[in-house]
Protein chains: 6
Amino acid sequence: MAAVVPDGFARPSGRAPDELRPIRIQRHFTRHAEGSVLVSFGDTQVLCTASVENRVGGWLRGKGEGWVTAEYGMLPRATHTRSDREAARGKQGGRTLEIQRLIGRSLRACVDRKALGERTITLDCDVIQADGGTRTAAITGAYVALVDAVDVLVRRGEVKARAGRPPIFGAVAAVSVGIYRGVPVLDLDYAEDVDCDTDMNVVMNDGGGFIELQGTAEGHAFRREELDAMTALAEQGIARLVEIQREALGS
Amino acid sequence: MAAVVPDGFARPSGRAPDELRPIRIQRHFTRHAEGSVLVSFGDTQVLCTASVENRVGGWLRGKGEGWVTAEYGMLPRATHTRSDREAARGKQGGRTLEIQRLIGRSLRACVDRKALGERTITLDCDVIQADGGTRTAAITGAYVALVDAVDVLVRRGEVKARAGRPPIFGAVAAVSVGIYRGVPVLDLDYAEDVDCDTDMNVVMNDGGGFIELQGTAEGHAFRREELDAMTALAEQGIARLVEIQREALGS
Amino acid sequence: MAAVVPDGFARPSGRAPDELRPIRIQRHFTRHAEGSVLVSFGDTQVLCTASVENRVGGWLRGKGEGWVTAEYGMLPRATHTRSDREAARGKQGGRTLEIQRLIGRSLRACVDRKALGERTITLDCDVIQADGGTRTAAITGAYVALVDAVDVLVRRGEVKARAGRPPIFGAVAAVSVGIYRGVPVLDLDYAEDVDCDTDMNVVMNDGGGFIELQGTAEGHAFRREELDAMTALAEQGIARLVEIQREALGS
Amino acid sequence: MAAVVPDGFARPSGRAPDELRPIRIQRHFTRHAEGSVLVSFGDTQVLCTASVENRVGGWLRGKGEGWVTAEYGMLPRATHTRSDREAARGKQGGRTLEIQRLIGRSLRACVDRKALGERTITLDCDVIQADGGTRTAAITGAYVALVDAVDVLVRRGEVKARAGRPPIFGAVAAVSVGIYRGVPVLDLDYAEDVDCDTDMNVVMNDGGGFIELQGTAEGHAFRREELDAMTALAEQGIARLVEIQREALGS
Amino acid sequence: MAAVVPDGFARPSGRAPDELRPIRIQRHFTRHAEGSVLVSFGDTQVLCTASVENRVGGWLRGKGEGWVTAEYGMLPRATHTRSDREAARGKQGGRTLEIQRLIGRSLRACVDRKALGERTITLDCDVIQADGGTRTAAITGAYVALVDAVDVLVRRGEVKARAGRPPIFGAVAAVSVGIYRGVPVLDLDYAEDVDCDTDMNVVMNDGGGFIELQGTAEGHAFRREELDAMTALAEQGIARLVEIQREALGS
Amino acid sequence: MAAVVPDGFARPSGRAPDELRPIRIQRHFTRHAEGSVLVSFGDTQVLCTASVENRVGGWLRGKGEGWVTAEYGMLPRATHTRSDREAARGKQGGRTLEIQRLIGRSLRACVDRKALGERTITLDCDVIQADGGTRTAAITGAYVALVDAVDVLVRRGEVKARAGRPPIFGAVAAVSVGIYRGVPVLDLDYAEDVDCDTDMNVVMNDGGGFIELQGTAEGHAFRREELDAMTALAEQGIARLVEIQREALGS
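Rules used throughout
- Residues numbered from 1 in each chain as written.
- Chains lettered and ligands numbered in written order.
- Predicted model: local features only at pLDDT ≥ 70, side-chain atom pairs only at ≥ 80, totals over all residues.
- Heavy atoms only, no water.
- Helix = DSSP H or I, 4+ residues; strand = E, 2+ residues; numbered from the N terminus.
- Rg over C-alpha atoms; globule rule 2.2 N^0.38 Å.
- Buried < 20%, exposed > 50% of the residue type's maximum accessible area, 1.4 Å probe, protein only.
- Contact = heavy atoms within 4.5 Å.
- Areas by Shrake-Rupley, 256 points an atom, 1.4 Å probe, with all protein chains shown as cover.
- Lys, Arg positive; Asp, Glu negative; His and termini not counted.
- Charge placed at Lys NZ, Arg CZ, Asp CG, Glu CD.
- Least-squares fit on C-alpha atoms with pLDDT ≥ 70 in both.
- Pairing = 2+ DSSP bridges.
- Axes fitted to C-alpha atoms, helices over the stretch in contact; angles between N-to-C directions.
- Parallel < 35°, antiparallel > 145°, perpendicular 65-115°, else oblique.
- Left-handed = near helix turned anticlockwise from the far one by under 90°.
- Phe/Tyr/Trp six-rings, centres within 6.5 Å; stacked < 30°, edge-to-face > 60°.
- Lys NZ or Arg CZ within 6 Å of the ring centre and 35° of its normal.

Colleague: What am I meant to see in the overall build of chain A here?
Modeller: Assigned secondary structure in chain A consists of six helices and nine strands. Its C-alpha radius of gyration of 18 Å places chain A within 12% of the 18 Å reference for a compact globule of 251 residues. Its C-alpha atoms give chain A principal-axis dimensions of roughly 60 × 45 × 30 Å. Expressed as a percentage of the 251 residues in chain A, the buried residues total 61%. Within chain A, residue pairs in contact and separated by at least 24 positions form 70% of the contacts whose partners lie at least 6 positions apart. In the structure as shown, chain A presents an accessible area of about 9300 Å², 47% of it carried by carbon and sulfur atoms. Seen as two clouds, the 32 positive and the 35 negative side-chain charges of chain A have centres 8 Å apart.

Colleague: Is there a simple way to think about the relation of the copies chain B and chain A in this case?
Modeller: Between the two copies of the chain lies a rotation about an axis combined with a shift along it. For the pair chain B and chain A, the superposition axis carries a translation of 0.0 Å, the fit reaches an RMSD of 0.0 Å, and the rotation angle comes to 180°. Such a combination of turn and shift is consistent with a two-fold rotation axis. For chain B, the minimum C-alpha distance to the rotation axis belongs to Ala87(B) and amounts to 1.8 Å. When the interface residues of chain B are mapped onto chain A, 100% of them again lie at the interface, so the same face is used by both copies.

Colleague: Hey, could you run me through the arrangement of the chains in this one?
Modeller: Regarding chain A and chain D, the two do not touch, and the least distance separating their C-alpha atoms is 11 Å. If you take every C-alpha in chain C and every C-alpha in chain F, the smallest gap between them is 11 Å, and the two do not touch.

Colleague: Please explain the sheet that holds strand β3 (residues 44-53) of chain A as it appears in this structure.
Modeller: In a beta sheet, neighbouring strands pair by backbone hydrogen bonds and run either parallel or antiparallel. Residue and element names in this part refer to chain A. The five strands lie next to each other as β1-β2-β3-β5-β4, forming an open sheet whose pairing is mixed. Looking at strand neighbours, the two that pair on one side only are β1 (23-27) and β4 (67-74), the edges of this open sheet. Taking each pair of neighbouring strands and ignoring which way they run, the sheet shows an average axis angle of 20°. Its contacts with the sheet put helix α2 (residues 94-108) on β4 and β5 (120-129), and the angle it makes with β4 is roughly 145°. The strands touched by helix α6 (residues 224-249) within the sheet are β1 and β2 (35-41), with β1 carrying the most contacts at an inclination of about 30°.

Colleague: Honestly, the packing of α2(A) against helix α2 (residues 94-108) of chain F in this entry has me stumped. Any pointers?
Modeller: What describes two packed helices is the angle between their axes and the distance between those same axes. Here α2(A) crosses α2(F) at 110°, and the two axes come no closer than 9 Å. In this view, α2(A) runs roughly perpendicular relative to α2(F), as classed from their interaxial angle. By crossing handedness, the relation of α2(A) to α2(F) is classed as left-handed. Along its contact with α2(A), which presents Gly94(A), Arg95(A), Leu97(A), Glu98(A), Arg101(A) and Arg105(A), the element α2(F) presents Gly94(F), Arg95(F), Leu97(F), Glu98(F), Arg101(F) and Arg105(F).

Colleague: Looking at this structure, how should I read the packing of aromatic side chains?
Modeller: We describe a pair of aromatic rings using the distance from one ring centre to the other and the angle between the two ring planes. In total, this model carries 18 aromatic pairs over all chains according to the counting rule given. Considering the side-chain rings of Phe210(B) and Phe222(C), the 5.4 Å spacing of their centres and the 25° angle between planes classify their relative orientation as stacked. Residue Phe210(B) is located in strand β9 (residues 210-217), and its partner Phe222(C) is located in the loop between β9 (210-217) and α6 (224-249); the two belong to separate chains. Consider the rings of Phe9(E) and Tyr180(E), whose centres lie 6.1 Å apart with planes at 70°: the pair is edge-to-face. Placement of Phe9(E) in the segment before β1 (23-27) and of Tyr180(E) in strand β6 (residues 172-180) is noted, with a sequence separation of 171 residues between them. By the burial criterion, Phe9(E) is buried, and Tyr180(E) matches it. Over the ring of Phe169(B) we find Arg165(B), and its NZ or CZ is 3.8 Å from the ring centre.

What is shown is where atoms sit, not what they do.
Following this line, the structure appears as structure tokens:
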């Protein structure tokens, strides 16, 4: 991680290149959902709720397996300028669909769907305030909400470990990395996001394995050594996020 | 308000018939919007943001007037059981449209639209947690967000008082009243709402004038004396809500 | 009802303040529906049909109860200027949804849903010509169509009175009232509607009970004494409408 | 037209093979539209209104020409069993779109669009009651509404004849023909329509020219001599319909 | 067919009035579908696939019959200028719906739906390149794809001839005819289509029976003798198309 | 690239781990579009057309820049079982939107948008036949169509090189890589795609820079060394694809 930082380089926030924003995970934020977490990555705040329903989509019926899915939304004025309400426009945009597909895939990677039985857990990730990195915050927070929801099912005796493996195995967290003014940086905020050359979202588990990797060259194409530097930063950031998840869960 | 309360009558919450839930108004809840208020009526929590845009709809263009409108949404798991996300279903339901039309009409009643100039202020009322009375909480909170947004415009010198009248004249607040087990009660929570005979939403100004009155007999039709008792309760409750708005605004 | 009418006050139609427009209820207007009524409140004409289907929505299946619902539409050129066809625009507007929800709730108030059995009665209220008061005319006419449709079911032996109470108990009618140039008036036509300070739609039963009350201050907020004057006018108007319904039904 | 009618052949209505249903054209049926006609072909009743707007679609702007278009709808209970309301379903069906395109094309065939100037005339054809032949009744009635609307424009001095030709030149009417139980018949009603081998809709002008011809073999394919018999019947029926249009217009 | 062709008349393509464009039918064009045909009428190219599914719509369930239906689409740049993608616009246009209804009706005319059993065959007709006559090419090609798909079912033993009649009885083909500069012509290409007075699409079976006939006067109304000349041309063209279908099928 | 391949490992297609499928690029496949390419990666066939329009979206108007965008579609029976037509369902799915956003971003990376002027080039990528890797084939083919379209503009004198740099600078191509039964493989076909542990789509330019990288762990999470092996395979495959593009373009 010893990227040489050029003289005079500074992130808008004053953070070090490998420094996360202040991360906060508040469990039981609302009271109806089986899991409810307000996650903050600096000024980015996402409410993640996990809702359990005792049914699965038609394509899974009778197979004895469950499903985990996600929906993502942004309150119209979570951002600097108001954006249209998707419900009023009558459809979800491509960005929204892309993000909610990513969240769902990421979290299914740590779930024993057979242990769940024919249940669906929906992770609603609603952005209350946006300052960059909403999808990675959503994944990180939704993991905690998911653990809480499955714990409810376990305590009720509806779901059990199978073959010694708990229904949620391992942890999943996510962070963005990028090349900002030539320097690889961790956890981009909005000011960096609009002005960077490359932006990469990384989802990993607590064993250091990659679950999702989505990199986009915004300006010039990025080189392999930049890719290596970014993934190394992401590994380090996600290790820290997993610790924070554990602290929040008291485990 | 000396309705004779029958022996053994109790509200689920233990409140007196004419008692509001704990009311809380938190200003500056999020940082991008010109006005941002989290309003709580007990466990009902609504985030109300006011967004200013320097344009008006086509039907107003060139008339030198502004517009105030509202949009309402409920996070899917704001309620006991998860409801479909309207953006995913591809349309807003009738209840949503009805409520947002009500909020918009109610707040336009205290706005000097000529003073606004050709600007639109959109009040987004998003229910974070629902326990009955979301539309009345939304109106009460959105008023405060609207005042904050107009203050921003006044401080910037973009909007001025006209003929000695401020651009927002008077206050607007709302509360529900109903007949629960034969007794008129103020500010119904969810447990009362699903089990009452009549439910009425009342919007008033700080001068004691009615802006909106929407009463529905859920069980038996209600009599004129019940109507009178309910409107009297509403007058009293709204007078208190207006005080709380003033305290929040520090005015 | 002795409101003092100021000198020189005149309604655009020349009617007295407490005078209904000519009301006409034509039963059996079209031949396929179980109930079919063309109702006229002056130049406002609404075709109300009641259609019986031997099924209920999923949420009622197996409960042995029926449902009564309404849909409302306006022919594109029912009004002074042509409005878009909602089917072509691809969605029903908020006003339409609000009105059809009101009609459905109002009529369910006089129906013994258990007596209906697992049947749905849909009241289609289509405005052929509009001159103000379409929703109140629709409720008043739809009641008659509903009675005719239930009579068909009774005559076929499919529906019976329960415990001495007929499947349709009591009558339901509706009228608008308002404050026009300072004077409370009954049954507003379009010319009054666009120019009044307050507009209130009132739905009552034949026992003088309120079923729905929806008042909106268009100009200044209305005072309690204005509310009292308007509801008194409505009571009187609805009593007359119930008589006209009875005459039409020959009962 | 001397088709040999087999012994024992009878139409459900008792009509002769070449006999139209009773035709009725009521002008000025509603009061807001520039043209408003209720047309009846027996029990089929269609309200046709012509609405004038002083604008054209973007593709015509600046060309000095007008446009004539049609929209078609069926009230949900115009038919034996209730059909879904297209506005509620959120889209117009293929049959509806097909019919309204046909009506629009048919009527544009008798309009001098340059004489109209940059105006749009929309013909709304709403079926109040259906008993077969709604599209042919709609075309026949909409022609009369269109003439009335253009007369309004002529009387206002907004539209003039060009080069000695009136803005509406000639007449347009339509009728269905078919093969019912082996016999060519004119103006099918619903009982014939559901039980015939071939169904053809014919639109002609008053000069005996074909504007539209749409034939469909419902059972077996039809032969050229059947085609000839059907078009001959249509010619005769349309000649009579044009007379009835003229009588209605008092011309 | 001895229409007198005026001196100096020439079709844009140089073809004789009764001359088809080069017709080409390529079977097994793609590999997944049970039937897959690329049909070319000159530069018009349509990919027609037939897909078998072992289920029918709700209205047919339990009746022991199958269904044949069609969907039609045009690639956005099949035409001279790019048209909007219907999937992106969120709805199929009226023209598309009209054409796919026509294709479906036409092909059902040669299918023994009882022999199919409860199966649906969907004919997807996607226009790769358009030069006029896409719907008639689609019908002509889809017939061949349908035959191939039913052959698959017959070879698998899932479908059998009933009462000596094969499941597909007879052939169906289609061609357009029109009046171009006063002369009846066969198989219009785009240059003729935009410039003709009358355009007629004709669908016939191999026995010379008419299945669909849809004629539209684009300029002046057409006379009976023109109708006769056009249907004669169509008969001749379709006879040739049926031969080409047979050659393609090797039967 | 010397991954040790375990004994007995075989790809379903028999290809070597680092072997592309047969690649074919047919230019001028259809005749209307400015660029039209049928690209085949084995049995995957995508028609890519580039359409030029002399306008840009509102957000770019007046800025003197152009735009390049993509739309993606799959013919309903491009796949093993028929999928719903998106135009008929009324919306594009999340996968479609995600892919077309990816294609658009990828190609904008090699375009001098200022050189284009206020023009939009739309790349329509329609999958005729699918056997895995449709999005990477689409990007690879669309690049060639884009070059052809810009050449048309250059030949017409409408677009010029700026500051010595051609309007399209460099090349863009894409390929998928994955871990199949423990072995990193290049250019997955459908049989591998449904059965692999990790799937990664890589977009690069001809200078070896990464433009997009999207990796998903389908089974177990992937390790850094697997990531390295996959990106190395992608580099090699894309170098070959760029050669094939050059050959096709004759440059």
